[in-house]
Amino acid sequence: MKVVLGSGAYHMAEEVKMKAGEYNKEVLDVEIKKFPDGEKYVRVLGEGKEAVVVQSTFNPQDEHLIELLLLGDALRERGFEHLKAVVPYLAYSRQDRVTKEGEPISVRAVMRALGIYYDELYVFDLHNPKTLEYFPGRAVNLSPARAIAEYFGEKLGEGLVLAPDKGALERAKAVAELLGLEFSYFEKKRISPTEVQMTPVEVDVSGKNVLIVDDIISTGGTMVKAANILREMGAGKIFVVATHGVFAEGAIERVSKAVDELAVTNTIPTPVSRISLVEDILKL
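My aim in this report is to walk through the structure given alongside it, one point at a time. None of these values were measured; they are calculated from a predicted model.

Topic: the sheet that holds strand E1 (residues 2-5)
Part 1 of the reasoning: Within the open sheet, the 6 strands sit side by side as E2-E1-E5-E6-E7-E8. Their pairing is parallel. Unpaired on one side and paired on the other, strand E2 (26-27) and strand E8 (138-142) mark the two borders of the sheet.
Part 2 of the reasoning: On the sheet, helix H2 (residues 63-77) packs against E1, strand E5 (50-54) and strand E6 (82-87) and is oriented at approximately 165 degrees with respect to E6.

Take a look at the structure:
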């Protein structure tokens, strides 16, 4: 099985190349550059029948998404018969419904386009897993729970795991069960048009280390508020983790000041992308 790295996965390249052999995979050389007019150029420098293409599509100019399509076409042209797309962070995944007449369901458009070239699609912690139905082939939503549990296990000790709201409870539960710890969530209650009250449900955080688990951090406002509440309740160390660090300007600094450690996985390269998902990728 060949592994192809798009430029959206270059931040994983060193680890992928170091560990690929352990999983009976070989990294295929690919030339990726730009034409003078800014359009992308890709060239596959090798042969095979099956390939895993790893490409996060976090680039705001959509270059990584275009690359992923071009790589699929190049591999088919080269004679590859079965292609898997591993997209650690899938662009447009939060645009999963029509809110105003005339809008597209953007994630549907992206998945259908990928389905032209790829037989299988793997993503991590998709915003709405039901949207995988739009992909015409096999589509799987992967959990980062193993990697998160391994990273925070010793730091958390006999602590507990919390979700920032009830909707994220399954994510917290997955990490907590791997660590054999208690888990719960913050209940949110709106007490005014501008103020929301947050309270951990049926858990005693006094003196305990706490890990707050979410899928995406953007502004970090919820995490800061949750951390401040936990401090007031007498919690020990407070850790925050998310799968995708889609950080708005200043968010890393704001959250980091409020907690003992902020860490995200390496689906997107950020200064706090400390949790690697490479092993999960290479197992596919």
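Next comes the rest of the description.
A few points about the packing of helix H4 (residues 145-156) against helix H5 (residues 169-179)
Part 1 of the reasoning: One way to put it is that H4 packs onto H5 with a least axis distance of 9 Å and a crossing angle of 55 degrees. Overall, the two elements H4 and H5 adopt an arrangement that is oblique. Here the hand of the crossing between H4 and H5 comes out right-handed. Two secondary-structure elements touch here, H4 through Ala145, Arg146, Ile148, Ala149, Gly153 and Leu156 and H5 through Ala174, Val175, Leu178 and Leu179.
Part 2 of the reasoning: Looking at the contact of H4 with H5 residue by residue, the classes come out as 8 nonpolar, 1 polar and 1 charged.

Details of unusual backbone geometry
Part 1 of the reasoning: In this structure, Asn24 takes a positive phi of about 55 degrees despite not being glycine.
Part 2 of the reasoning: Positionally, Asn24 belongs in the loop between helix H1 (13-19) and E2.
Part 3 of the reasoning: When its relative accessible area of 68% is taken as the criterion, Asn24 is described as exposed.

Concerning the pattern of salt bridges
Part 1 of the reasoning: Enumeration over the complete set of coordinates arrives at 20 salt bridges.
Part 2 of the reasoning: The partner of Glu15 in a salt bridge is Lys19, and the shortest N-O contact between them spans 2.8 Å. A residue pair is termed a helical-turn pair when its members lie 3 or 4 positions apart in one helix, as Glu15 and Lys19 do in helix H1 at 4 residues.
Part 3 of the reasoning: Given a relative accessible area of 16%, Lys19 falls into the buried group.
Part 4 of the reasoning: Salt-bridge contacts for Lys40 lead to Glu67; the nearest nitrogen and oxygen are separated by 2.3 Å. Of this pair, Lys40 sits in strand E4 (residues 40-44) while Glu67 is found in helix H2, placing the two residues 27 residues apart along the sequence. Each of the two residues, Lys40 as well as Glu67, counts as buried.

Digging into the packing of aromatic side chains
Part 1 of the reasoning: Taken as a whole, this structure holds 3 aromatic pairs when the rule is applied.
Part 2 of the reasoning: The interplanar angle of 80 degrees and the centroid separation of 4.9 Å between the aromatic rings of Tyr151 and Phe152 together place this pair among those described as edge-to-face.
Part 3 of the reasoning: Given a relative accessible area of 23%, Tyr151 falls into the partly exposed group.
Part 4 of the reasoning: On the basis of relative accessibility, which here comes to 0%, the residue Phe152 falls in the buried class.
Part 5 of the reasoning: Where Phe152 meets Phe239, the ring centres are 5.5 Å apart and the plane angle is 50 degrees; that geometry is what we call tilted. With a gap of 87 residues between them, Phe152 in helix H4 and Phe239 in strand E13 (residues 238-245) connect regions that are remote in the sequence. Comparing Phe152 with Phe239, the two get one shared label, buried.

Quick notes on the environment of Ala20
Part 1 of the reasoning: Within the secondary structure, Ala20 sits in the loop between H1 and E2.
Part 2 of the reasoning: We classify Ala20 as buried; its relative accessible area is 3%.
Part 3 of the reasoning: Put simply, Ala20 and Lys2 are 18 residues apart on the chain and 9.3 Å apart in space, counted from C-alpha to C-alpha.
Part 4 of the reasoning: Beyond its immediate stretch of four places on either side in the chain, Ala20 contacts Lys25, Val27 and Leu282.

Considering the nonpolar core
Part 1 of the reasoning: Grouped together as the largest cluster of nonpolar side chains are 40 residues, with contacts concentrated most on Val54, Phe152 and Leu211.
Part 2 of the reasoning: Considering every element that reaches this core, the biggest residue donor is H4, with 6 residues.
Part 3 of the reasoning: Not counting residues up to four positions away in its chain, the partners in contact with Leu211 are Ile148, Phe152, Leu156, Leu160, Val161, Leu162, Val175, Phe239, Val240 and Val241.
Part 4 of the reasoning: Listed in part, the 28 residues of the second largest apolar core include Val4, Leu65, Leu121 and Leu126.

Quick look at H2
Part 1 of the reasoning: Across its 15 residues, H2 extends 21 Å between first and last C-alpha, which sits within 8% of the 21 Å expected from 1.5 Å per residue.
Part 2 of the reasoning: Buried residues of H2: Glu63, His64, Leu65, Glu67, Leu68, Leu71, Gly72, Ala74 and Leu75, and no others.
Part 3 of the reasoning: In this structure, the buried residues of H2 make contact with E1, strand E3 (30-34), E4, E5, E6 and helix H3 (106-114).
Part 4 of the reasoning: Phi turns positive, to about 105 degrees, at Gly79, one or two residues after H2.

About the cut-offs
- Residues numbered from 1 in each chain as written.
- Predicted model: local features only at pLDDT ≥ 70, side-chain atom pairs only at ≥ 80, totals over all residues.
- Heavy atoms only, no water.
- Pairing = 2+ DSSP bridges.
- Helix = DSSP H or I, 4+ residues; strand = E, 2+ residues; numbered from the N terminus.
- Contact = heavy atoms within 4.5 Å.
- Axes fitted to C-alpha atoms, helices over the stretch in contact; angles between N-to-C directions.
- Parallel < 35°, antiparallel > 145°, perpendicular 65-115°, else oblique.
- Left-handed = near helix turned anticlockwise from the far one by under 90°.
- Nonpolar A, V, L, I, M, F, W, Y, C, P; charged D, E, K, R; others polar.
- Buried < 20%, exposed > 50% of the residue type's maximum accessible area, 1.4 Å probe, protein only.
- Salt bridge = Lys/Arg side-chain N within 4 Å of Asp/Glu carboxyl O.
- Phe/Tyr/Trp six-rings, centres within 6.5 Å; stacked < 30°, edge-to-face > 60°.
- Core = buried A, V, L, I, M, F, W, Y, C linked by side-chain atoms within 4.5 Å.
- Expected span 1.5 Å × (residues − 1).

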